[in-house]
Amino acid sequence: LDKLVHDAFRDDQNFSYALKQGFEYFVGAADYRVAELLSRHVDTLLRTKARTLITEMQVNEKFNPLLALFGFVQSKDVFKGFYQKELATRLLTGKSASRNVEKVMLQKLRDVCGAAFTKHMESMFRDISLSE
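Residues numbered from 1 in each chain as written. Predicted model: local features only at pLDDT ≥ 70, side-chain atom pairs only at ≥ 80, totals over all residues. Heavy atoms only, no water.

Engineer: I'd like to hear about helix α7 (residues 115-131), residue by residue, with values.
Structural biologist: If you check α7, its first and last C-alpha atoms are 24 Å apart, about what 17 residues at 1.5 Å a residue would give, namely 24 Å. Of the positions making up α7, those classed as buried are F117, T118, M121, E122, S123, M124, F125 and I128. (Helix = DSSP H or I, 4+ residues; strand = E, 2+ residues; numbered from the N terminus. Expected span 1.5 Å × (residues − 1). Buried < 20%, exposed > 50% of the residue type's maximum accessible area, 1.4 Å probe, protein only.)

Structure below.
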């Protein structure tokens, strides 16, 4: 969208503001559902089947648009609940594509929401490391 605004609208501030307001409106209308669907999509990307995310550049390419949409979600705690449950399942069943990719995603969530948001999820990694 940034490219569209830049190329077609010459970075018009009024259009950028209207676009942001529009996203906030339609994401807010289905806030809980959007949070759940984002979490499930991230889970699909991070499962063993998705071993194609090898480099950090590829991870950024996949997750940055998701995090941009996540920024419009008001119910971040709903996302956290779903994501935390899915992360636990991936870690306990060994279905995670890569722990490094998981950690990159947690870092991105920490950057967006703060350390308190990811504290319990990071402790899951410590617990798994201690148990091995």
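Engineer: Describe the nonpolar core, naming the residues involved and giving the relevant values.
Structural biologist: Formed by 29 residues in total, the largest nonpolar core has its most connected members in F63, F79, Y83, M105 and L109. For this core, the elements supplying multiple residues, two or more each, are α2 (13-29), α3 (31-46), α4 (56-70), α5 (76-93), α6 (99-113) and α7. When neighbours within four sequence positions are excluded, L109 is seen to be in contact with L67, F70, F79, Y83, G114, F117 and T118. (Core = buried A, V, L, I, M, F, W, Y, C linked by side-chain atoms within 4.5 Å. Contact = heavy atoms within 4.5 Å.)

Engineer: Before we move on, can you summarise the side chain of S39 with the specific residues and values?
Structural biologist: Its place among the elements puts S39 in helix α3. Non-local contacts of S39, meaning those with residues more than four positions away in its chain, are made with F79, F82, Y83 and E86.

Engineer: I'd like to hear about the pattern of salt bridges, residue by residue, with values.
Structural biologist: Tallied over the full model, the rule gives six salt bridges. Between D43 and R47 there is a salt bridge, with the nearest N and O atoms lying 3.1 Å from each other. Grouping residues by exposure puts D43 and R47 together as buried. Here R90 ties to E102 by a salt bridge, and the two come within 2.6 Å at their closest N and O atoms. On the criterion of sequence distance, the pair formed by R90 in helix α5 and E102 in helix α6 is long-range, its members being twelve residues apart. By relative accessible area, R90 is classed as buried at 0%. Where salt bridges share partners, they join D43, R47, R90 and E102 into one cluster. (Salt bridge = Lys/Arg side-chain N within 4 Å of Asp/Glu carboxyl O.)

Note that all results are geometric; they support no functional claim without further evidence.
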